[in-house]
Amino acid sequence: AELVVDALASTAAYPLEELTERKSTGKVLGVNVLGVSLVGEEALPDEDRPDSRIDFVFDEGNFNFNGFKIPYPVPFRNPLFRDWVKGWIDVTYLSDRVRISRGNKGTTFVLAKETDEM
């Protein structure tokens, strides 16, 4: 099984007007439920690397069991939760094969480009 999540993305080169800055840290009634996000001044992009940030908002998700899909149980499009499903990643390294990024919750992502040989 795999989790497939669709997201809207915005960059300096391709901005999405509807994607606004995240306001909430993600705490629910003061409790860290889904990981705490950096916001405000802590979340400012690196001025020396203005094109390194990708803002996103999750839009839809499904668990895929060999073609049988079950919706992910998070209301991504519900206005009450919309801010919680926003985030950003800063690209710290990029080559034609690998991208290394750090997310708004401190997570490091190492992504390898798929090739026909994989």
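Structural data are supplied above this passage.
The numbers attached to residues start from 1 for each chain and follow its sequence in the written order. With pLDDT at 70 or above as the cut-off, local features in this predicted model cover only qualifying residues; side-chain atom pairs require 80 or more to be listed or tallied, and sums for whole chains, interfaces and linings still use all residues. Side-chain numbers come from the whole structure's heavy atoms, not from hydrogens or water.

Student: Pulling in residues and values, what's your account of the overall build of the protein chain?
Tutor: Counting from the N terminus, the helices are DSSP H or I runs at least four residues long and the strands are E runs at least two residues long. What the protein chain contains, in helices and strands, is 0 helices and 8 strands. Reading the protein chain from its N terminus to its C terminus gives the helix and strand order β-β-β-β-β-β-β-β. Partly exposed describes any residue whose relative accessible area lies between the buried limit of under 20% and the exposed limit of over 50%, with all areas from a 1.4 Å probe on protein chains only and scaled to the type maximum. Residue burial in the protein chain is summarised as follows: out of 118 residues, 25% are buried. Throughout, a contact is declared for two residues whenever any of their heavy atoms are within 4.5 Å. When contacts within the protein chain are restricted to residue pairs at least 6 apart in sequence, long-range pairs at least 24 apart make up 53% of them.

Student: I'd like a description of the packing of aromatic side chains, backed by residues and values.
Tutor: Centre-to-centre distance and the angle between the planes together describe a pair of aromatic rings. Only the six-membered ring of Trp is used, alongside the rings of Phe and Tyr, when aromatic pairs are assigned; centres must lie within 6.5 Å, and planes under 30 degrees apart are stacked while those over 60 apart are edge-to-face, with the rest tilted. Under the definition given, this model contains 4 aromatic pairs. Plain terms: the ring middles of Phe63 and Tyr72 are 5.5 Å apart, the flat faces sit at 50° to each other, and that makes the pair tilted. Accessibility expressed as a relative area gives 29% for Phe63, which makes it partly exposed. Among the aromatic residues, those joined into a cluster by ring pairs are Phe56, Phe58, Phe63, Tyr72 and Phe76.

Student: So what about the pairing of strand E5 (residues 68-71)? Which residues, and what values?
Tutor: Only strands that DSSP links by at least two bridges are regarded as paired with each other. Pairing of strand E4 (residues 53-65) with E5 involves 4 bridges; the strand directions are antiparallel. The residue of E5 that forms the bridge with Phe65 is Phe68. Taking the residues between adjacent antiparallel strands as the criterion, E4 and E5 are bridged by 2 residues, where Asn66 takes a positive phi near 50°.

Student: So what's going on with unusual backbone geometry? Residues and values would help.
Tutor: For Asn66, which is not a glycine, the phi torsion comes out positive at approximately 50°. With respect to the helices, strands and loops of the structure, Asn66 is situated in the loop between E4 and E5.

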